[in-house]
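The chain contents come next:
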Amino acid sequence: MRQLTILTGLISIISFGAAHADEAPQLQRQGTATQLIVDGQPFLILGGELGNSTASDPDYLKPLWPNLTAMGINTLFVPVEWDQIEPVQGQFDFHVIDAAIAQARQNDTRLVLLWFGAWKNSMSTYAPAWVKQNSTTYALARDNTGVAQNILSPFDPDNLKADKTAFVALMTHLKATDSHHTVIMVQVENEIGMLPVVRDYSPAANAAYAGQVPTTLIAWLKAHKAKLDPKLEAQWAAAGYRSQGTWIEVFGDSDATEEIFQAWSFATFVEAEAKAGKAAYDLPMYVNAALNRPDKRPGDYPSAGPLPHLFDIWKAGAPSIDILAMDHYWADFTDWARRFKRYDNPLLIPESNQAGFHQAPGNAFFAFGELDAMSFSPFSIENLPNGDPLIETYATLKSLTPLILAHQGKGTMRGFRAPVTLDGKVDETSQTFDLDGYRFSANMIYPWMPKDKQDLAAHGGLIIKTGKNEFIVAGTGITLTFKDPNGRDQIGIEQIVEGHMEEGKFIEGRWLNGDQSHQGRHLTIPDGKTSILRLRLYTYR
Ligand code: DGJ
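These remarks concern the structure in this document. (Residues numbered from 1 in each chain as written. Predicted model: local features only at pLDDT ≥ 70, side-chain atom pairs only at ≥ 80, totals over all residues. Heavy atoms only, no water.)

Points about the side chain of arginine 110
Link 1 in the chain: In this fold, arginine 110 is placed in strand 6 (residues 110-120).
Link 2 in the chain: Within polar-contact distance, the side chain of arginine 110 engages the side chain of aspartate 39 at 2.6 Å.
Link 3 in the chain: Side-chain polar atoms of arginine 110 contact the backbone oxygen of histidine 181, separated by 2.7 Å. (Helix = DSSP H or I, 4+ residues; strand = E, 2+ residues; numbered from the N terminus. Polar contact = N/O pair within 3.5 Å; in protein donor to acceptor, adjacent residues only side chain to side chain.)

Structure follows, in structure tokens:
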């Protein structure tokens with residue numbers, strides 16, 4: 001009888017585990033972090049995004065896989081083109097995406113699909129010919145002089161209907177065919193934003209701008225008043241915290257108000273398609289933002305995308321979108337990444353600069369270590385040069401993944417890299433933070449090599465508290481020193497051991513003492529080398 005009970009217990013544990021592993025990818029909170037769950041387990045995306053046209057021919061993509069897998073990526077971000085899947089209205093052809101899924105599965109790699117639908121980098125060049133050639137039915141946005149732009153107007157219900165129909169067909173197809181969950185997430189549209197003016201000035205848009213601010217937006221502002229983006233809050237405050245009125249009455253008469261208005265129109269369009277897409281197949285969904293340059297006006301940069309100063313508008317307008325993601329193409333990574341992580345928004349980086357690859361190691365360590373990022377992913381990954389330092393970084397992060405995932409959202413992990421200004425100047429000030437009662441100073445300079453011979457912008461690392469006075473440190477080109485935050489005691493290095501990770505466990509290699517710790521003064525990892533070290537500290541007086 002007792003044996004039977006034990007056996008029944010075992011069966012229920014096993015079947016519960018299996019059912020969970022079968023579920024579609026989803027998001028789950030762990031402490032202050034949001035994790036992506038794939039096959040029932042937390043998943044860290046060490047990704048890369050393909051160039052826009054690479055996957056449009058399966059025969060072109062196929063020979064690239066050995067190189068892609070050798071880079072150590074576990075996820076590939078792959079476009080799906082509306083014009084390619086619906087060349088004739090209502091007739092769908094998914095053979096290109098089916099091929100990408102089959103190839104990814106053969107190469108043990110997951111996919112994030114990028115829906116290049118109504119908008120791709122502001123423009124509507126991925127709309128099928130039957131849309132492009134019929135602007136009577138599918139209305140275009142207009143600039144402030146009434147000139148039509150190659151941008152579908154978000155104010156035209158026919159545009160929404162056509163895009164949504166195709167998107168739902170895609171999600172329905174995935175649900176029916178991707179039983180192994182090769183596709184783990186979907187990006188809805190690509191870098192939405194109005195150009196070359198702040199908003200759409202089509203007749204429908206102008207009528208909406210003269211109308212009332214929707215009550216759902218006002219309700220969001222009121223419910224989140226204490227947590228609103230400061231710029232938005234100031235705008236609403238200056239107009240008297242009005243709870244009804246036109247856009248100008250509620251937010252004032254400015255470019256910023258027109259951008260808010262346009263963001264609302266994009267967000268509500270995307271909400272309708274994401275909601276319908278999720279009803280067909282409930283996968284995590286995000287939208288990505290082209291960053292605005294600080295000295296530019298909306299319209300000079302793609303206006304009204306899911307940018308930090310518009311997060312409240314996007315969150316209120318598109319609740320079916322799980323994440324507002326950051327495409328990062330220039331400095332300063334640290335500042336932008338911090339802004340994209342918010343109490344209601346995890347950090348997801350679907351694209352980072354190809355030309356800035358040499359900054360990628362530091363950026364990846366910082367994003368995962370400091371901000372619990374769900375993903376890091378350079379753009380045009382198929383063109384990553386052989387031997388790029390990112391490959392070693394990904395190998396290191398892959399071996400650390402179980403540890404990183406276990407520590408996300410718990411306050412037991414920090415990341416660091418040097419901020420880089422817009423003109424490429426590296427800030428050499430040490431980054432200081434507290435962990436486990438110690439104050440750490442992280443310097444992104446290797447002390448035993450001339451500074452001008454080092455690639456300071458590539459340097460960075462992370463540190464995880466694995467026990468009392470014990471840490472795992474990983475990174476490249478870093479130097480760490482330690483202090484008592486209260487200034488009472490001295491902090492000494494008990495031991496530094498170089499090693500590697502196997503299934504979440506640290507395997508010891510060289511013991512680093514003497515010259516390698518500057519006789520107990522610091523922990524350092526050379527420029528051009530990526531290491532995992534176990535550090536133990538102690539206190540003396
Ligand atoms: C950002 C876009 O999202 C990508 O699709 C691609 O066009 C890159 N820019 C090119 O740099």
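Considerations on the packing of aromatic side chains
Link 1 in the chain: Applying the stated rule across the entire model yields 25 aromatic pairs.
Link 2 in the chain: Taken together, a centroid distance of 5.9 Å and an interplanar angle of 70° make the contact between tryptophan 130 and tyrosine 138 edge-to-face.
Link 3 in the chain: Taking the relative accessible area as the measure of exposure, tyrosine 138 reaches 8% and is therefore buried.
Link 4 in the chain: Geometrically, the ring pair formed by phenylalanine 440 and phenylalanine 482 is edge-to-face, given 5.8 Å between the ring centres and 90° between the ring planes. Of this pair, phenylalanine 440 sits in strand 16 (residues 438-443) while phenylalanine 482 is found in strand 18 (residues 470-483), placing the two residues 42 residues apart along the sequence.
Link 5 in the chain: A residue is classified by how much of its surface remains accessible, and phenylalanine 482, at 12% relative accessible area, is buried.
Link 6 in the chain: Following the ring pairs from residue to residue traces out a cluster consisting of Phe416, Phe433, Tyr438, Phe440, Phe471 and Phe482. (Phe/Tyr/Trp six-rings, centres within 6.5 Å; stacked < 30°, edge-to-face > 60°. Buried < 20%, exposed > 50% of the residue type's maximum accessible area, 1.4 Å probe, protein only.)

With respect to the site of the ligand
Link 1 in the chain: In the neighbourhood of the ligand, the contacting residues comprise Asn52, Lys120, Asn121, Asn190, Glu191, Asp327, Tyr329, Glu351 and Phe379.
Link 2 in the chain: In the model, an oxygen atom of the ligand is placed 3.5 Å from a nitrogen or oxygen of the asparagine 121 side chain.
Link 3 in the chain: Glutamate 191 places a polar side-chain atom, nitrogen or oxygen, 3.4 Å from an oxygen atom of the ligand.
Link 4 in the chain: Protein burial of the ligand: of its 290 Å² of free accessible surface, 76% is covered by the chains.
Link 5 in the chain: For the shell around the ligand, the per-class residue count stands at two nonpolar, three polar and four charged. (Near = heavy atom within 4 Å. Areas by Shrake-Rupley, 256 points an atom, 1.4 Å probe, with all protein chains shown as cover. Nonpolar A, V, L, I, M, F, W, Y, C, P; charged D, E, K, R; others polar.)

What to know about the sheet that holds strand 5 (residues 75-81)
Link 1 in the chain: Here we have eight strands laid out as an open sheet, ordered 12-11-10-9-6-5-4-13, and parallel in their pairing. Of all strands in the sheet, those bounded by a partner on one side alone are strand 12 (351-352) and strand 13 (375-376).
Link 2 in the chain: Those strands touched by helix 16 (residues 389-407) are strand 4 (45-49) and strand 13, and its axis lies near 150° from that of strand 4. (Pairing = 2+ DSSP bridges. Contact = heavy atoms within 4.5 Å. Axes fitted to C-alpha atoms, helices over the stretch in contact; angles between N-to-C directions.)

Description of the packing of helix 8 (residues 203-210) against helix 12 (residues 255-280)
Link 1 in the chain: Between helix 8 and helix 12, the shortest axis-to-axis distance is 11 Å and the interhelical angle comes to 110°. As judged from the angle between their axes, helix 8 and helix 12 are roughly perpendicular. For helix 8 against helix 12, the interelement crossing comes out right-handed. Facing Ala205, Ala208 and Tyr209 of helix 8, the residues of helix 12 in contact are Thr257, Glu258 and Phe261.
Link 2 in the chain: Considered class by class, the residues forming the contact of helix 8 with helix 12 number four nonpolar, one polar and one charged. (Parallel < 35°, antiparallel > 145°, perpendicular 65-115°, else oblique. Left-handed = near helix turned anticlockwise from the far one by under 90°.)

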